[in-house]
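Now for the letters of each chain:
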Amino acid sequence: MKTLAIVKKADGEVRRISAFQAYREERFQGKRHVYFSIYYPDEEMTLVYLKNTKTAFFRYKKGSNFAVSKNNSPDNGEGESSIHYIAKEALSRLTKLTLVSGQTTITAFVSGKATVEKRFDLENKTYFADVYFNLERTEPKEYRYRWYDQIALEICITHKVELEKAADFEKNIIPLFEVTLPKKTCEKFDLDKAKSEYSDNEIESRIVNMQKMFEKQIFGCFLSNPFSMEYLEMQRYKSEIDKFKSKRDEIYDIVKNLEQIVEPLGIRVADIAQRVEPLDVKTIDITQRIESLDAKVADIEQRAEYLSTGGTGLCQGQENLLFENDHSILDQEKLFKTKCSCTELHYGENTSVGKKDTKRGVLVRLSNWIKRVLEK
């Protein structure tokens with residue numbers, strides 16, 4: 001039994017339709033279609049609905065070569081149940097998916113409209129996903145890059161997804177999330193099996209209520225949770241960035257500790273600098289005094305050397321000064337002799353006594369003058 005078929009419109013457009021949707025359109029909307037196999041577009045099919053199980057499916061017409069055995073063509077399912085159809089329609093109307101798998105919660109924001117019964121041709125096989133979404137962003141945001149902005153959902157009522165299908169989706173980097181509906185949930189939203197007939201409003205009401213449930217959280221598990229190459233590269237860069245940040249933080253801590261150590265030292269250095277400044281002034285004053293004392297010491301040493309050598313150690317300037325003074329004394333003696341001669345002419349013998357006293361006075365004055373020179 002087939003759960004999917006295609007409908008060919010008059011304008012040539014082809015639309016894929018599920019068995020239960022086809023039943024709903026025929027039963028409540030008065031739409032009649034001619035159905036064809038999705039695998040063999042020229043092979044016509046018939047819609048079948050089982051009231052007791054609320055199950056719809058397509059089957060090949062009698063006489064068809066494909067009706068001989070149900071195992072010679074793909075998708076030999078048991079038909080689409082009403083609860084599966086309701087869950088599929090409710091999921092397709094969501095704009096945000098809050099996927100919960102164990103301890104992991106991922107929020108995916110949908111971009112555009114969902115695709116129901118999305119076809120995938122993978123590894124030379126054809127698969128259909130119940131609902132397929134393009135994603136605008138995710139939280140955590142890494143999943144957007146990890147999944148190439150896409151995700152497919154499969155609804156598990158009684159039959160789980162085949163391992164081969166999950167492996168092929170994983171291999172082709174298509175995330176596949178299996179939505180689990182517990183038995184109590186199915187009983188709550190499923191159609192009343194005791195009724196053979198039900199209205200379109202009853203179906204729509206159950207779809208809306210299940211949509212509200214899915215808007216809160218969608219429980220299930222990831223059958224395919226692949227890594228894109230770009231995501232792996234991004235993770236490698238992220239790891240390097242984290243290492244850099246860790247090293248940077250270590251350096252920041254070291255610098256902070258050093259600043260705490262250096263800060264009081266800076267205060268002490270400023271205090272020392274303030275104390276040293278007046279000492280520098282005193283040092284300059286002492287240096288000037290020392291230079292003055294050095295000059296005086298040098299002068300005393302020259303004089304001492306002169307006295308120790310009997311006067312022969314005088315500098316050239318002092319010798320010149322004494323030479324000039326000697327000539328001055330000689331000139332004064334000549335003048336004195338002249339005066340004495342004049343005195344002898346005028347006073348006779350008494351001038352000899354005056355002459356002798358005058359010579360003694362001259363010698364005394366000369367000796368005193370020499371002493372004053374040396375004292376300087």
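About the criteria used
Residues numbered from 1 in each chain as written. Predicted model: local features only at pLDDT ≥ 70, side-chain atom pairs only at ≥ 80, totals over all residues. Heavy atoms only, no water. Patch = residues over 30% accessible without salt bridge, like charges linked within 9 Å, V, L, I, M, F, W, Y side chains within 5 Å. Areas by Shrake-Rupley, 256 points an atom, 1.4 Å probe, with all protein chains shown as cover. Salt bridge = Lys/Arg side-chain N within 4 Å of Asp/Glu carboxyl O. Helix = DSSP H or I, 4+ residues; strand = E, 2+ residues; numbered from the N terminus. Buried < 20%, exposed > 50% of the residue type's maximum accessible area, 1.4 Å probe, protein only. Core = buried A, V, L, I, M, F, W, Y, C linked by side-chain atoms within 4.5 Å. Contact = heavy atoms within 4.5 Å. Arc of directions from axis to C-beta. Expected span 1.5 Å × (residues − 1). Pairing = 2+ DSSP bridges. Axes fitted to C-alpha atoms, helices over the stretch in contact; angles between N-to-C directions. Phe/Tyr/Trp six-rings, centres within 6.5 Å; stacked < 30°, edge-to-face > 60°. Lys NZ or Arg CZ within 6 Å of the ring centre and 35° of its normal. Parallel < 35°, antiparallel > 145°, perpendicular 65-115°, else oblique. Left-handed = near helix turned anticlockwise from the far one by under 90°. Nonpolar A, V, L, I, M, F, W, Y, C, P; charged D, E, K, R; others polar. Disulfide = S-S within 2.5 Å.

Time to look at a nonpolar patch on the surface. There is a patch of nonpolar side chains on the surface, built from Ile254, Leu258, Ile261, Val262 and Leu265 and spanning about 460 Å² of accessible area. Relative to the helices and strands, Leu258 is located in helix 7 (residues 229-308). Residue Leu258 is classed as partly exposed on the basis of its relative accessible area of 46%.

It is worth spelling out the nonpolar core at this point. Counting 46 residues, the largest nonpolar core has Ile151 and Phe214 as its most contacted members. Tallying contributions element by element places helix 2 (residues 82-92) first for this core, with six residues. Here Phe214 is in contact with Ala87, Ala90, Leu91, Leu94, Val179 and Leu181, once residues within four sequence places are set aside. Residues Leu122, Ala152, Val161 and Ile174 belong to the second largest nonpolar core, which totals 10 residues.

Let us now look at helix 4 (residues 163-171). Of all the residues in helix 4, the buried ones are Lys165, Ala166, Asp168 and Phe169. Burial along helix 4 is one-sided: seen end-on, the buried residues are contained in an arc of 165 degrees. Facing away from the buried surface of helix 4 by more than 90 degrees, the exposed residues are Leu163 and Lys171. Buried-residue contacts for helix 4 involve strand 8 (104-122), strand 9 (125-139), strand 10 (150-156), strand 11 (176-180) and strand 12 (218-224).

Considering the arrangement of structural elements, one finds Met213 in helix 6 (residues 200-216). Put simply, Met213 and Ala90 are 123 residues apart on the chain and 9.1 Å apart in space, counted from C-alpha to C-alpha. Those residues in contact with Met213 that lie beyond four places of it in its chain are Leu181, Thr185 and Phe189.

What follows is about helix 6. In a regular helix each residue adds 1.5 Å, so 17 residues correspond to 24 Å; helix 6 covers 25 Å between its end C-alpha atoms and thus fits that length. Of the positions making up helix 6, those classed as buried are Ile203, Arg206, Ile207, Met210, Gln211 and Phe214. Each buried residue of helix 6 lies within a common arc of 140 degrees when the element is viewed along its axis, so the set occupies one face. Exposed side of helix 6, more than 90 degrees from the buried face: Asn201 and Lys216 are the residues found there. Residues of helix 6 that are buried sit in contact with helix 1 (19-29), helix 2, strand 11, helix 5 (183-189) and strand 12.

The six strands are arranged 7-8-9-10-11-12 in a closed barrel whose pairing can be described as mixed. Taken over all neighbouring pairs, the strand axes of this sheet differ in orientation by 50 degrees on average, direction set aside. Contacts from helix 4 reach strand 8, strand 9, strand 10, strand 11 and strand 12, with the element oriented near 45 degrees to strand 9.

With the rule as written, the count across this model stands at 10 aromatic pairs. Their ring planes at 80 degrees and their centres at 6.5 Å tell us that Tyr23 and Phe28 sit as a pair that is edge-to-face. Exposure remark for Phe28: the relative accessible area of 24% places this residue in the partly exposed category. A connected cluster of aromatic rings, assembled from ring pairs, spans Phe20, Tyr23, Phe28 and Tyr85. Taking the ring centre of Tyr132 as reference, the NZ or CZ of Lys118 above it sits at 5.2 Å. The lysine or arginine in question, Arg137, covers the ring of Phe109, its NZ or CZ lying 3.8 Å from the ring centre.

For the rest of this paragraph, the subject is the packing of helix 2 against helix 6. One way to put it is that helix 2 packs onto helix 6 with a least axis distance of 8 Å and a crossing angle of 55 degrees. Taken together, the axes of helix 2 and helix 6 lie oblique to each other. With respect to the hand of their crossing, helix 2 and helix 6 are arranged in right-handed fashion. Contacts between helix 2 and helix 6 involve Ile83, Tyr85, Ile86, Ala87, Glu89, Ala90 and Leu91 from the first element and Ile203, Arg206, Ile207, Met210, Gln211 and Phe214 from the second. Residue composition of the contact of helix 2 with helix 6, grouped by class: 10 nonpolar, one polar and two charged.

According to the stated counting rule, one finds zero disulfides in the structure shown. No disulfide involves Cys186; its sulfur sits 9.0 Å from the nearest other cysteine sulfur, which is in Cys156. Left unpaired, Cys221 is separated from the closest cysteine sulfur, that of Cys156, by 8.1 Å.

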